[in-house]
There are 2 protein chains.
Amino acid sequence: MKRGVLMIVSGPSGSGKGTIVKQLENDDNIKVSVSATTRKPRAGEEHGVHYYFMEKDEFLSCVDDGEMLEYNEYCENYYGTPLMGVEPFLKEGKDVILEIDVNGAKQVSKIMKCVKLFILPPSMQLLKKRLCLRGTETEEALNIRLNQAHFEMEQAYNYDYLVVNDNIDDAVNKVKSILIAQRHRVFNMKDKLDELLK
Amino acid sequence: MKRGVLMIVSGPSGSGKGTIVKQLENDDNIKVSVSATTRKPRAGEEHGVHYYFMEKDEFLSCVDDGEMLEYNEYCENYYGTPLMGVEPFLKEGKDVILEIDVNGAKQVSKIMKCVKLFILPPSMQLLKKRLCLRGTETEEALNIRLNQAHFEMEQAYNYDYLVVNDNIDDAVNKVKSILIAQRHRVFNMKDKLDELLK
């Protein structure tokens, strides 16, 4: 079985990356990685579906054992990407999507071969509008979020691919094309060429 | 208008690259480059459609003026890729396909930004069969062609993408995916990101 492609998807809040990733999940050949967290499950959240829920000591021992591809702390809880939610699917030949931020992307790309995709809004005006629709109430909160978006987007130069999300179906198809292309990069096809030439 | 992608397509005789390129031509966003040659037109061949037919001195003055992206001599005739059959279409935003051999690919990639795709047969047995069906009559001629194919395929390690042509529609779709992906490589999207961040 040919190993799948590991793809990191990042983008600012309001870029629509979550919606894109959700649509990708409908493809049988694509697995969206489930994060681990030490926060308590909310109503309706299932272990292994929404998150892998862990105790703090369990989480930190995973980190020590190199079983977290990346992690961070937020509001006194840990969030991370467990290797066990990634590696088995890649081996099965599935493409695996990690929806993580720019810092997580840096951590993962140091230790695993992956392709990094950044989702962009069509314009900053539209990003602002989307953030308002999400209920960012005060002018101050909105400015904080816009500054954060700007900061994250400055890191996009370090990504491999950029997709502007002006239409969700188009954006999803573009991401799928990138996954197909990635499978045909020469370093992913070397075994086949070796076999033909032997 | 966003500049198109220049894609080189190579592959041994019998890989089916010609059929793939012909199908790509049906896409309005793709232009297949027309070669120039100094050989005489055959019945039914049209200038600007099958080839740009040129006199030898005209061809060689194009080479001197840097107006040939690549060229070679075969059976006392020159064959080449005129820049005028490539650059205007890229500027119009079309993706341009050059169906050229491994030597031509080397020449072009030195002077223009391009992506290099190599088409592979599913197996050497099948390649042999396809060459037989094309009327390679003698055992000797067949062996020469197979050796040539082997030599060309050894150069495929220097390409960017490899596609195995086991099904023509699949192969065409893969090539189209690669073109879409290529348009979203970070170096082709830099202008959009600059614009968003300014």
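Sequence order sets the numbering: in each chain, residues are counted from 1 along the sequence as written. Chains and ligands are labelled by the order in which they are written, letters from A for the one and numbers from 1 for the other. Where totals are concerned, whole chains, interfaces and linings use all residues; where local detail is concerned, this predicted model gives features only for residues with pLDDT of at least 70, and gives and counts side-chain atom pairs only at 80 or more. Only hydrogens and water are removed before side-chain values are computed, so all heavy atoms of the structure are retained for them.

On to the relation of the copies chain A and chain B. Superposing the copies works by least squares over the C-alpha atoms of residues that have pLDDT at least 70 in both of them. Once chain A has been moved 0.0 Å along the axis and rotated by 180°, it coincides with chain B to within an RMSD of 0.0 Å. Such a turn and shift between the copies fits a two-fold axis. Closest approach to the rotation axis within chain A is made by the C-alpha atom of Ser-177 of chain A, at a distance of 2.2 Å. Whether two residues are in contact is decided by their heavy atoms, any of which lying within 4.5 Å being enough. A shared interface surface links the copies, since 100% of the contact residues of chain A are contact residues in chain B too.

Before going further, it helps to examine the pairing of strand E8 (residues 115–120) of chain A. Looking along a regular strand, one sees the side chains alternate between the two faces of the sheet. Residues and elements named next belong to chain A. Counting buried positions along E8 yields 6 of 6 residues, so the element is predominantly enclosed. The two faces of E8 match: Val-115, Leu-117 and Ile-119 on one face and Lys-116, Phe-118 and Leu-120 on the other face are all buried. DSSP bridges decide pairing: two strands pair if at least two such bridges lie between them. Under the scheme used here, helices are H or I runs from DSSP no shorter than 4 residues and strands are E runs no shorter than 2 residues, and both carry numbers assigned from the N terminus. As judged from the 4 bridges shared by strand E1 (residues 6–10) and E8, these two strands associate in the parallel manner. Counterpart to Ser-10 in the pairing with E8 is Phe-118. Bridge count between E8 and strand E9 (residues 161–164): 4 bridges; the pairing is parallel. Within the sheet, the bridge partner assigned to Leu-117 lies in E9 and is Tyr-161. Residue burial is assigned from relative accessible area. The probe radius is 1.4 Å, only protein chains are included, and a residue is buried under 20% of its type maximum, exposed over 50%, and partly exposed in between.

What follows covers the environment of Ser-61 of chain A. Residues and elements named next belong to chain A. Mapped onto the secondary structure, Ser-61 falls in helix H2 (residues 56–64). Accessibility expressed as a relative area gives 36% for Ser-61, which makes it partly exposed. Along the sequence, Ser-61 and Asn-158 sit 97 residues apart, while their C-alpha atoms lie 31 Å from each other.

Turning our attention to the environment of Glu-99 of chain A. All names here are of chain A. With respect to the helices and strands, Glu-99 occurs in strand E7 (residues 95–99). With 81 residues separating them in the primary sequence, Glu-99 and Gly-18 have C-alpha atoms 7.7 Å apart. In contact with Glu-99, other than residues within four places in its own chain, are Val-9, Lys-17, Gly-18 and Val-21.

Moving on: helix H1 (residues 17–24) of chain B. Residues and elements named next belong to chain B. Considered for burial, the residues of H1 that qualify are Lys-17, Ile-20, Val-21 and Leu-24. Within H1, the buried residues cover an arc of 95° as seen down the axis, which keeps them to one side. Of the surrounding secondary structure, the elements contacted by the buried residues of H1 are strand E1 (6–10), strand E2 (30–32), strand E7 (95–99), strand E8 (115–120) and helix H7 (168–183). What the arc measures is the spread of directions leading from the helix axis to the C-beta atoms.

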